[in-house]
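Fold and contact review
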Amino acid sequence: MSSTDDKITSLLSEGRVFEPPVEGREAAAIGSLEEYKAIYKRSIEDPEGYWAERAEELVTWDKKWDTVLEADFDKPEFSWFKGGKMNVSYNCLDRHLENGRRNKAAIIWQGEPEEDVKVYTYQMLHTEVCRFANVLKKKGVKKGDRVSIYLPMIPELSIALLACARIGAMHSVVFAGFSSVALQSRIQDCEAKVLVTADAVIRAGKTIPLKPNADEALSECDTVKNCIVVKRGGNEVSMTEGRDTWWHDEVTADDIASTCEPESMDAEDILFILYTSGSTGKPKGVVHTTGGYLTYAMHTCQYVFDLKDNDVYWCTADIGWVTGHSYILYGPLGLGATSVMFEGVPTYPGPDRFWKIVEKFQVNIFYTAPTVIRALMRDGDGPTQRYDLSSLRILGSVGEPINPEAWMWYHVNIGKEKLPIVDTWWQTETGGIMISPLPYATPTKPGSASLPLPGIDVAIYTEEGGEASPNEGGHLVVRKPWPGMLRGVFGDPARYKKAYFSRYKDTYDPEDGARKDDDGYFWIMGRLDDVVNVSGHRLGTAEIESALVSHPQIAEAAVVGMPHPIKGQAVYAFVTPNTGVEQSPELLAELRTHVRKEIGPIATPDAIQYAPGLPKTRSGKIMRRVLRKIAANDFKDFGDTSTLADPSVVDDLINGKKALD
Ligand code: 6R9
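Summary of the structure given here. Not measured: the values here are computed from a predicted model. Every chain begins its residue count from 1, and numbering advances along the sequence as written. Note on the predicted model: pLDDT of at least 70 is required for a residue's local features to be given, and 80 or more for side-chain atom pairs to be given and counted; whole-chain, interface and lining totals, by contrast, use all residues. The side-chain figures draw on all heavy atoms in the structure; neither hydrogens nor water molecules are used.

This brings us to the site of the ligand. Around the ligand, a shell composed of 17 residues is seen, among which Asp423, Thr424, Thr428, Asp512 and Arg527 lie nearest. Polar contact criterion, stated in full: a pair of N or O atoms within 3.5 Å, where within protein one must be able to donate a hydrogen and the other to accept it, and residues adjacent in sequence count only if both atoms are side-chain atoms. Contact distances for the ligand include 2.5 Å between an oxygen atom and a side-chain N or O atom of Thr428. Contact between the ligand and Arg527: an oxygen atom at 2.7 Å from a side-chain N or O atom of the residue. Looking at the shell around the ligand, the elements that each hand over two or more residues are α11 (322-334), β20 (421-424) and β25 (522-527). By the convention adopted, Pro, Cys, Tyr, Trp, Phe, Met, Ile, Leu, Val and Ala count as nonpolar, Lys, Arg, Asp and Glu as charged, and the other residues, Gly among them, as polar. Of the residues belonging to the shell around the ligand, the class tally is six nonpolar, six polar and five charged. Think of it this way: one heavy atom of a residue within 4 Å of a molecule or strand is enough to make that residue near it. Each helix is a run of H or I in the DSSP string that is no shorter than four residues. Each strand is a run of E no shorter than two, and both are numbered from the N terminus.

What follows is the structure, given as structure tokens:
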């Protein structure tokens, strides 16, 4: 845990408390700490009663459930709202056509070029979703089939997800920044029938071809019979006869109707699969189902962002990650809100782009990641002062621990020292936010995600399994099931059990370290497994290692995270080349390109060091804490290294590191 120790110390010295604003409390979903406490108490004493009420209030059901919860932590198996029937796209679209929101903006899309703006009312989005749902049907996609989606942040991405939900097909979104190799393994794992992609991604003023990646991936994906391509860049692409067609041709075909009956789904039918990194090489296909997931996404969106009908809400995540699934699409649209979707990056054409968008659409609720804040901090407060940010009322953060310095910058420069900041802790697996302040109820402490949301029972356990004392670091655990929890790892029940339900009895194990202070506030320290968090993106060290050793000249590799001022963590790799291979700078450059190709640009090592040997225990386990310290230039106190097979490798690595710097 050495890498997290530094974080704890810096967070331990943090003692500031900020009271929630007074203005807005009366109209808020939960308007005081007392009210939160009362709701929380009730939710823990009578979870089934509580969740039944929430599910009834938030979701329109075709048929009510027979049981609220059936849970078995040992198997593990969980069913929420069993016997209930509903459709997620109906809940996100159709019902709003009748409840007065028909002409309200559902999605405001801001393309990367300033002039590229599209607004979809609920009616317009409904039509587009129905048309694409009909296209999928025409391609033979049926309930239960998988559709892989590899698209940039363009409206078709949202439309494709909702279209899958409408006909009961499972979507599996693959972030467009991933490589063809990563895409291929994800398509193969879920055996998708259709791939939806685009000609290109527009990013920082450049048109980056995307279709060639899809072609490479599909060269070994027999299950994919159709590839539907959205025209975004207008660049030249090659289309494979009989397999590839253009989105715009498909949706405008004469035989495609503008309405499509939503499929009535069982609450426990799968809505989507989303791949995320774990501690072994292969990414896990996290499975979420319909009834519980939607209830939970809406529940958290309503409480944490206090979303109201008049609000313009903007979550800056990419829909390629879970944050985009739950908080650009399903949560806000379920509630009938207006959700902004942005194609570009925070720093192009300048570091004021986000604030320009806030002013342009008069955004009220803004949800971003610490890495973005740290990147923007570099340019000082100038860019934040150029625009009118007075429409903002709530600020959010997600993806990694927010260091107090970034928190304060956000508070002062964007929140103008009066807006609440909700630091939301959750994961792909949890489906939605688990620990977070409520904007008009919870006093905030910079760097703490604060208190669990209603219905969420979290604790800190020691290694042995008992509850840790206040301020003692340990394992964060969840002790009660919640409707948004993952229901499996696609096609791998053994991994589902081992990864999440095997460390302690009757708990869900998120693999995060944390402590709880005297006020019951949670301070998240970071991952306890071999996952690095680069700019809020989860990368398995094992994945990067396996990419490195797949290079013909590399014998062994070990990857660790190292502290990085903007990204939070950066990727540091130690590599041992095959005997006789020259340890040249060219090979290092080649390895970087190789990792980009195997996984994607986000996984590219920031530094690679040649290692004559790796510090391994006698049982062959790499002692990563030693490597983490070397990567961080901390050459003291390696702890117990007596189990190392060859302790002298440590000195070699230190000398190698010193020579690098
Ligand atoms: C939503 C998302 C999950 C991991 C999680 C934790 C880290 C996320 C955090 C946070 C501290 C926060 N994490 N939010 N750590 N404070 N507010 O990011 O999902 O990509 O699955 O990552 O991210 O380590 O375990 P995912």
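When DSSP locates at least two bridges between a pair of strands, those strands are taken to pair. Strands sit in the order β21-β22-β24-β25 across an open sheet of four strands; the sheet is antiparallel. A single partner strand is all that each edge strand has here, and the edge strands are β21 (458-461) and β25. Each neighbouring strand pair of the sheet contributes to a mean axis angle of 45°, computed without reference to strand direction. Relative to strand β24 (residues 512-516), strand β22 (residues 474-478) runs antiparallel, the two sharing two bridges. By the bridge assignment, Gly474 is partnered in β24 with Ala514. Comment: axis = line fitted to C-alpha atoms, over the contacting stretch for helices; angle = value between 0 and 180 degrees taken between N-to-C directions.

The strand order across the open sheet built from seven strands is β5-β4-β17-β16-β18-β19-β20, with neighbouring strands paired in mixed fashion. Either end of the sheet is taken by a strand with one partner, and the two such strands are β5 (117-121) and β20. Each neighbouring strand pair of the sheet contributes to a mean axis angle of 20°, computed without reference to strand direction. Sheet topology places strand β16 (residues 312-315) next to strand β17 (residues 338-342); three bridges connect them, and they run parallel.

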